[in-house]
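Overview (structure and organization)
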Amino acid sequence: MVGIFRTLCIVAAILALPLAAAAQGKIAVVNLDEAMATSQAGKAALSQLKTKFEAREKALGQQGEDLKKMQEDLQKKSVALSQDAMRSQVADFEAKAKKYMDERNKLQQEEQETQQQILQPLLTRLQKVMTDYAKKNGYTVVVEARSVPYFDSALDITAALRQEFDKSK
């Protein structure tokens, strides 16, 4: 009962925050992901990321397809093969599957690290541009669009922020 009351109080406080902010100043909503992805610098960075990992992803995809085919062949041959031959082929399949999973995990890790290295400076710059834009235009609160279930499109400053971001260096 106390937990439900506490949750209701928190939700009420969160819902009242925009109302309190509206009483004191202007509110804006921004989709930072969209602003980043559609900006010139964001497009270039995402293209660089795609190019860097495209060949390895393709090779890994082919390796996954080969494993599926190998598994299907094993299932078809399971009746005809001796137990020793079956064990040998299953062990071979498991070793290849483990190698595939290890390589896939390594690639995902590298992609995340590289994405962080490339996009973090841009995100920092975008946040500075957003702060400057908000101050310049008299906004007291700027909320990320994905955290708001509904908002009037007149509050959305994503396009304006992207333009300012493209102008900045």
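We now turn to the structure provided with this report. Keep in mind the model is a prediction, meaning the values are calculated, not measured.

**Quick word on the overall build of the protein chain**
When helices and strands are counted, the protein chain shows five helices and two strands. Relative to its 169 residues, the protein chain shows a buried fraction of 24%. Across the protein chain, contacts joining residues at least 24 apart in sequence account for 82% of those joining residues at least 6 apart. With the model as given, the accessible surface of the protein chain reaches about 12,100 Å², and the carbon-plus-sulfur share is 57%.

**Side note on the pattern of salt bridges**
Across all of its chains, the model carries 11 salt bridges by this definition. Of the charged contacts, one joins Glu65 and Lys68 as a salt bridge, the two residues approaching to 3.9 Å between their closest N and O atoms. In this pair, Glu65 and Lys68 are both assigned in helix 3 (residues 40-77), three residues apart and thus about one turn of the helix distant. You can call Glu65 partly exposed: its relative accessible area is 44%. What you see here is one network of salt bridges that share partners, running through Asp33, Glu144 and Arg146.

**Overview of the side chain of Glu111**
Within the secondary structure, Glu111 sits in helix 4 (residues 83-136). For the buried residue Glu111, which engages in no salt bridge, the nearest side chain bearing the opposite charge is Arg56, 7.7 Å off. Leave out the neighbours within four places in its chain, and Glu111 touches Phe53 and Glu57.

**Topic: the side chain of Thr158**
If you trace the backbone, Thr158 turns up in helix 5 (residues 158-167). Given the relative accessible area of 2%, Thr158 is considered buried. Here Asp156 takes part through its side chain, which lies 2.5 Å from a polar atom of the side chain of Thr158. Beyond its immediate chain neighbours, meaning those up to four positions away, Thr158 contacts Val29, Val30, Asn31, Glu34 and Ala35.

**Description of the nonpolar core**
Ranked by size, the top nonpolar core spans 29 residues in total, and within it Leu126 and Leu161 carry the most contacts. Looking at this core, the elements with two or more residues in it are strand 1 (26-30), helix 2 (32-38), helix 3, helix 4 and helix 5. The biggest single contributor to this core is helix 4, with 13 residues.

**Considerations on the packing of aromatic side chains**
One pass over the full model with this rule turns up one aromatic pair. Arranged with centres 6.3 Å apart and planes meeting at 20 degrees, the rings of Tyr133 and Tyr139 form a pair that is stacked. The ring of Tyr139 is capped by Lys26, whose NZ or CZ atom sits 4.5 Å from the centre of that ring. The ring centre of Phe165 lies 4.2 Å from the NZ or CZ of Arg125, which sits over that ring.

**Section: the layout of surface pockets**
It is the rolling of a water-molecule-sized probe over the atoms that shows where space remains empty. Considering only enclosed or pocket space, the second largest pocket measures out at about 190 Å³ in volume. For the lining of the second largest pocket, the secondary structure elements donating two or more residues are helix 2 and helix 4. No other element matches helix 4, which puts five residues into the lining of the second largest pocket. Of the residues assigned to the lining of the second largest pocket, the class counts are four nonpolar, three polar and three charged.

So, how was this worked out
Residues numbered from 1 in each chain as written. Predicted model: local features only at pLDDT ≥ 70, side-chain atom pairs only at ≥ 80, totals over all residues. Heavy atoms only, no water. Helix = DSSP H or I, 4+ residues; strand = E, 2+ residues; numbered from the N terminus. Buried < 20%, exposed > 50% of the residue type's maximum accessible area, 1.4 Å probe, protein only. Contact = heavy atoms within 4.5 Å. Areas by Shrake-Rupley, 256 points an atom, 1.4 Å probe, with all protein chains shown as cover. Salt bridge = Lys/Arg side-chain N within 4 Å of Asp/Glu carboxyl O. Lys, Arg positive; Asp, Glu negative; His and termini not counted. Polar contact = N/O pair within 3.5 Å; in protein donor to acceptor, adjacent residues only side chain to side chain. Core = buried A, V, L, I, M, F, W, Y, C linked by side-chain atoms within 4.5 Å. Phe/Tyr/Trp six-rings, centres within 6.5 Å; stacked < 30°, edge-to-face > 60°. Lys NZ or Arg CZ within 6 Å of the ring centre and 35° of its normal. 1 Å grid on protein atoms, 1.4 Å probe; cavity = no way out; pocket = protein on both sides within 12 Å on 5 of 7 lines; lining within 4 Å. Points joined across faces, edges and corners; volume = space filled by probe spheres on them. Nonpolar A, V, L, I, M, F, W, Y, C, P; charged D, E, K, R; others polar.

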